Amino acid sequence: MQATDRLIVAIDRSSRDDILRLADALHGVAGVFKLGLQAFVANGPSIVREVIARGAKVFLDLKVHDIPNTARHAVAEAASLGAAMVTVHASGGPTMLRACAVVSTGDSTGDSTLVLGVTVLTSLNDSELQRIGFAGTLRETGVRLARLAQDAGLRGVVASSHEVAAIREACGSEMCIVVPGIRPEGSEAGDQRRTMTPAAALAAGADYIVVGRPITGASDPRSAALALVDTLR
Ligand code: C5P
């Protein structure tokens, strides 16, 4: 994979015009565009089709967490829209994960939909995790949820850069690991707590890095993305 293929840009915007302007500005400098709840709730499935129609791959980050039947149908709808990647919460449990895994027939480089299990949100810290009711540390919980996703048949997970190495060791080289919470040197962390630079995250074992505001909030998003990709070469 080229350095640009490893970059996923999170286009967290409500306005269709803003989303398409960013997708056009970033054409060819990122492998995948991530559309999340904000973009999807504001615009519906048409926004996914429109970005794909521009020749881009779309990661539809809906973080599905529901009963197995509902989750499976939501993932199937995302796949039929043409999303290259879609997320479900690994904490939805083994039955839900197995139901969602059957939708995925692809791998991390193929054309079919890669269903990713979200392990622990990169915005959480140990004390918040414990308040939710998880007994282990962030790392233990991340590894446990990644193994759960793998055992259920998922081929990829979303995890913090700080858990990548442990997850890589536990799940092996075939597991696709997508890492958000990426901050180039000198950029604002915002609400992200466990951040890492793009190059360090790849060195730790990430297959893809997800970058949002450091690129989409820059005065020149294309230059920001190009500068970031340069640090990966
Ligand atoms: O703007 P920023 O770079 O923080 O964007 C990160 C993106 O990755 C957001 O769209 C966020 O929803 C997503 N994400 C995350 N942590 C996860 C899963 C997804 O930050 N565990």
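Residues numbered from 1 in each chain as written. Predicted model: local features only at pLDDT ≥ 70, side-chain atom pairs only at ≥ 80, totals over all residues. Heavy atoms only, no water.

Visitor: Looking at this structure, how should I read the overall build of the chain?
Guide: Summing up its helical and strand segments, the chain has eleven helices and eight strands in all. Here the C-alpha atoms of the chain give a radius of gyration of 16 Å, agreeing with the 17 Å that 2.2 N^0.38 yields for 233 residues. Relative to its 233 residues, the chain shows a buried fraction of 48%. When contacts within the chain are restricted to residue pairs at least 6 apart in sequence, long-range pairs at least 24 apart make up 68% of them. Taking the average location of the 23 positive side-chain charges in the chain and that of its 24 negative ones, the two points are 2 Å from each other. (Helix = DSSP H or I, 4+ residues; strand = E, 2+ residues; numbered from the N terminus. Rg over C-alpha atoms; globule rule 2.2 N^0.38 Å. Buried < 20%, exposed > 50% of the residue type's maximum accessible area, 1.4 Å probe, protein only. Contact = heavy atoms within 4.5 Å. Lys, Arg positive; Asp, Glu negative; His and termini not counted. Charge placed at Lys NZ, Arg CZ, Asp CG, Glu CD.)

Visitor: Mind showing me how you'd approach the pairing of strand β8 (residues 208-211) here?
Guide: Consecutive side chains along a regular strand alternate between the two faces of the sheet. Going residue by residue along β8, you find Tyr208 and Val210 tucked away on one face and Ile209 and Val211 tucked away on the opposite face as well. Of the strand pairs in this sheet, strand β1 (residues 7-10) and β8 are connected by three bridges, and their pairing is parallel. Along β8, the bridge assignment pairs isoleucine 8 with valine 210. Of the pairings in the sheet, the one linking strand β7 (residues 176-179) to β8 comprises two bridges and is parallel in character. What sits directly across from valine 179, in β8, is isoleucine 209. Chirality of the crossover, the property in question, places the unit of β7, helix α9 (residues 198-203) and β8 among those that are right-handed. (Pairing = 2+ DSSP bridges. Right-handed = clockwise from strand over helix to strand, strands pointing away.)

Visitor: Before we go on, may I ask you to explain the pattern of salt bridges in this structure?
Guide: A pair can form between side chains of opposite charge whenever their charged atoms are brought close. If you walk through the whole model with that rule in mind, you get ten salt bridges. Close ionic contact of aspartate 18 with arginine 21 constitutes a salt bridge, the shortest N to O distance being 3.1 Å. Here aspartate 18 and its partner arginine 21 are both found in helix α1 (residues 16-25), three residues apart, which amounts to about one turn of the helix. By relative accessible area, aspartate 18 is classed as partly exposed at 27%. Two residues, aspartate 61 and lysine 34, come together in a salt bridge whose shortest N-O distance is 2.7 Å. Of this pair, aspartate 61 sits in strand β3 (residues 57-64) while lysine 34 sits in strand β2 (residues 32-36), and the two are 27 residues apart along the sequence. Assigned by exposure class, aspartate 61 and lysine 34 land together as buried. Ionic contacts of the salt-bridge type, sharing partners, join the residues Arg16, Asp17 and Glu50 into one network. (Salt bridge = Lys/Arg side-chain N within 4 Å of Asp/Glu carboxyl O.)

Visitor: Before we go on, may I ask you to explain the sheet that holds strand β6 (residues 156-158) in this structure?
Guide: Hydrogen bonding along the main chain pairs the strands of a sheet, whether they run parallel or antiparallel. One closed barrel holds the eight strands; their spatial order is β1-β2-β3-β4-β5-β6-β7-β8, and the pairing between them is parallel. Averaged over all pairs of adjacent strands, the angle between strand axes in this sheet comes to 25°, irrespective of strand direction. Note that β6 and β7 share three bridges and pair parallel. Residue pairing across strands places valine 157 opposite isoleucine 177, the latter belonging to β7. (Axes fitted to C-alpha atoms, helices over the stretch in contact; angles between N-to-C directions.)

Visitor: For this particular structure, what's the right way to read the nonpolar core?
Guide: A general trend in soluble globular proteins is that nonpolar side chains are found buried together. Grouped together as the largest cluster of nonpolar side chains are 63 residues, with contacts concentrated most on Leu7, Phe33, Leu35, Val51, Val88 and Ile209. For this core, the element with the most residues is helix α7 (residues 138-151), which contributes five residues. Excluding residues that lie within four positions of it along the chain, leucine 7 makes contacts with Val29, Ala30, Gly31, Val32, Ile209, Val211, Ile215, Ala225, Leu228 and Val229. Listed in part, the 13 residues of the second largest apolar core include Leu114, Leu116, Val158 and Val178. (Core = buried A, V, L, I, M, F, W, Y, C linked by side-chain atoms within 4.5 Å.)

Visitor: What is the right way to look at the confidence of the model for the chain in this model?
Guide: Fine structural detail should not be taken from predicted coordinates in areas where pLDDT scores are low. Confidence along the chain averages 94 in pLDDT terms, with 97% of residues attaining 70 or more. Within the model, the stretch residues 106-110 combines pLDDT values under 50 with ten contacts to residues more than four positions away or in other chains. (pLDDT = per-residue confidence, 0-100.)

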